[in-house]
Amino acid sequence: MPYSIFPVLNYLVWLGMRGRVEVLEGDNVRSLKSRGNSHSDFGDTTQADYLAWEPSHVVTWVVGLSLPILVAILYAPVIGSMVRQWWSDPNYGHAFFVPAFAGYVLWSTRDRWSSLPLRPSNSGLALMLFAIALRILGMLGAELFMARLSLVVLIAGMTLFLAGRQALWSVAFPIGYLLFMIPLPAIVYYQLTLPLQLWASRLGATGLVALGIHTVREGNLLFLPNCTLNVVEACSGIRSLLSLLAAAVAYGYLAERSMWKRLVLAVTSIPIAIAANGLRLVVIGVLSYYFGPSVDSGFVHVALGLGFFALAFLSVLLIHRLLGLHLRTHNSLRSSL
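Residues numbered from 1 in each chain as written. Predicted model: local features only at pLDDT ≥ 70, side-chain atom pairs only at ≥ 80, totals over all residues. Heavy atoms only, no water.

1. Comments concerning the sheet that holds strand β1 (residues 216–218)
Across the sheet, three strands lie side by side as β1-β2-β3; this open sheet has antiparallel pairing. Bordering the open sheet on either side are β1 and β3 (228–230), each of which pairs with just one other strand. Taking the axes of each pair of neighbouring strands and ignoring which way they run, one obtains an average angle of 20° across the sheet. Seen against the sheet, helix α9 (residues 186–210) touches β1 and β2 (221–223) and runs at an angle of roughly 170° to β1. (Pairing = 2+ DSSP bridges. Helix = DSSP H or I, 4+ residues; strand = E, 2+ residues; numbered from the N terminus. Axes fitted to C-alpha atoms, helices over the stretch in contact; angles between N-to-C directions. Contact = heavy atoms within 4.5 Å.)

In structure tokens, the structure reads:
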């Protein structure tokens, strides 16, 4: 599934090379017409000039179609390590669906962006060189995030180089969405998990006290009368936060055309994920208080995680519905005045 990006990349390259060939053909035809006006034997001149130009036509196609192969060879180790991390790290299980969704968006909108005028831009070459430099620096410094990020930059640069700015803008969302498949740098990850752990433990303790269960919080430890809950890194909520944010952005793109509403859905998914994780800890605390701490294991733990993630996503859908109701009410009030 992660390698589904390469067939789409092949199609983009083919489209871009068609644009560059059409540009060359247009220049060639204009050149032939100008020569034909100054020669009596226009037919012979056309054939000779066309044959002289034909090798460059072939070279253009060969170079263009070889780009995806070179990208696959250059980034095979990067993609392989990234896929292995998706499989072994539960925080990034959602990343398997990111390239598939980006490919779906590209395919479903192909009529729109394939009909755009193709204006290849040589400024894309600078972006491609910058991406390759990131790839080399990431390899030399053993910085996986930089090497992985360079793949998205390279795709944007190739689109700009082969098809132009307008085409790049039309496919900016699926290319940008690929950022969700890149695991966070370790320094950023740990800077996020610690405050999330503290927020989750604070919300959990507040909820348990509100339900009448005596709870004392010390950092990320919750002391109940019969057990102690440790809000470890895996319980920080970073997993649901990253997955819900990716899901909210995808849903906003599919269900809403208004850019500000898409932004609202994406931003509100962050506090929703944090609140849902806090509620999950409250339920775990209640179950541990009545049935013992061993209840939060195996199937129950997985079921609670999936259940509260579904609740968080339903909350995003509710926010979207409330935005629609507010807008309709506002429009009706304006029309009645």
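2. Here's the deal with the packing of aromatic side chains
Tallied over the full model, the rule gives eleven aromatic pairs. Judged by centre distance (6.4 Å) and plane angle (35°), the ring pair of Phe101 and Tyr104 falls under tilted. Here Phe101 and its partner Tyr104 are both found in helix α3 (residues 97–108), three residues apart, which amounts to about one turn of the helix. On the basis of relative accessible area, Tyr104 is assigned to the partly exposed category, the value being 47%. Put simply, the rings of Phe101, Tyr104, Phe173, Tyr177, Phe180 and Tyr253 touch in pairs and so form one group of aromatic residues. The ring of Trp107 is capped by Arg110, whose NZ or CZ atom sits 3.9 Å from the centre of that ring. Over the aromatic face of Tyr75 sits the side chain of Arg135, whose NZ or CZ is 5.7 Å from the ring centroid. (Phe/Tyr/Trp six-rings, centres within 6.5 Å; stacked < 30°, edge-to-face > 60°. Buried < 20%, exposed > 50% of the residue type's maximum accessible area, 1.4 Å probe, protein only. Lys NZ or Arg CZ within 6 Å of the ring centre and 35° of its normal.)

3. Notes on the side chain of Ser150
Residue placement: Ser150 occurs in helix α6 (residues 144–163). There is a polar contact of 2.8 Å between the side chain of Ser150 and the side chain of Tyr75. Ignoring any residue separated from it by four or fewer positions in sequence, one finds Ser150 in contact with Tyr75, Ala131, Leu134 and Arg135. (Polar contact = N/O pair within 3.5 Å; in protein donor to acceptor, adjacent residues only side chain to side chain.)

4. Some words on the nonpolar core
Among the nonpolar cores identified, the biggest contains 55 residues, and Tyr75, Trp86, Leu151, Leu154, Tyr177 and Met181 are the most heavily contacted of them. The leading source of residues in this core is α6, at ten residues. Ignoring any residue separated from it by four or fewer positions in sequence, one finds Tyr177 in contact with Val98, Phe101, Ala246, Ala247, Val249 and Ala250. Membership of the second largest hydrophobic core comes to 15 residues, among which are Val231, Leu281, Ile284 and Leu304. (Core = buried A, V, L, I, M, F, W, Y, C linked by side-chain atoms within 4.5 Å.)

5. Considering the packing of α9 against helix α11 (residues 259–291)
Direction vectors running N to C along α9 and α11 enclose 50°, while the axes themselves pass 8 Å from each other. With respect to each other, α9 and α11 are oriented oblique. For the element pair α9 and α11, the recorded crossing hand is right-handed. Here α9 contributes Leu196, Trp199, Ala200, Ser201, Leu203, Gly204, Gly207 and Leu208 to the contact with α11, which in turn contributes Ile274, Ala275, Asn277, Gly278, Leu281, Val282, Gly285 and Val286. Residue composition of the contact of α9 with α11, grouped by class: ten nonpolar, six polar and no charged. (Parallel < 35°, antiparallel > 145°, perpendicular 65-115°, else oblique. Left-handed = near helix turned anticlockwise from the far one by under 90°. Nonpolar A, V, L, I, M, F, W, Y, C, P; charged D, E, K, R; others polar.)

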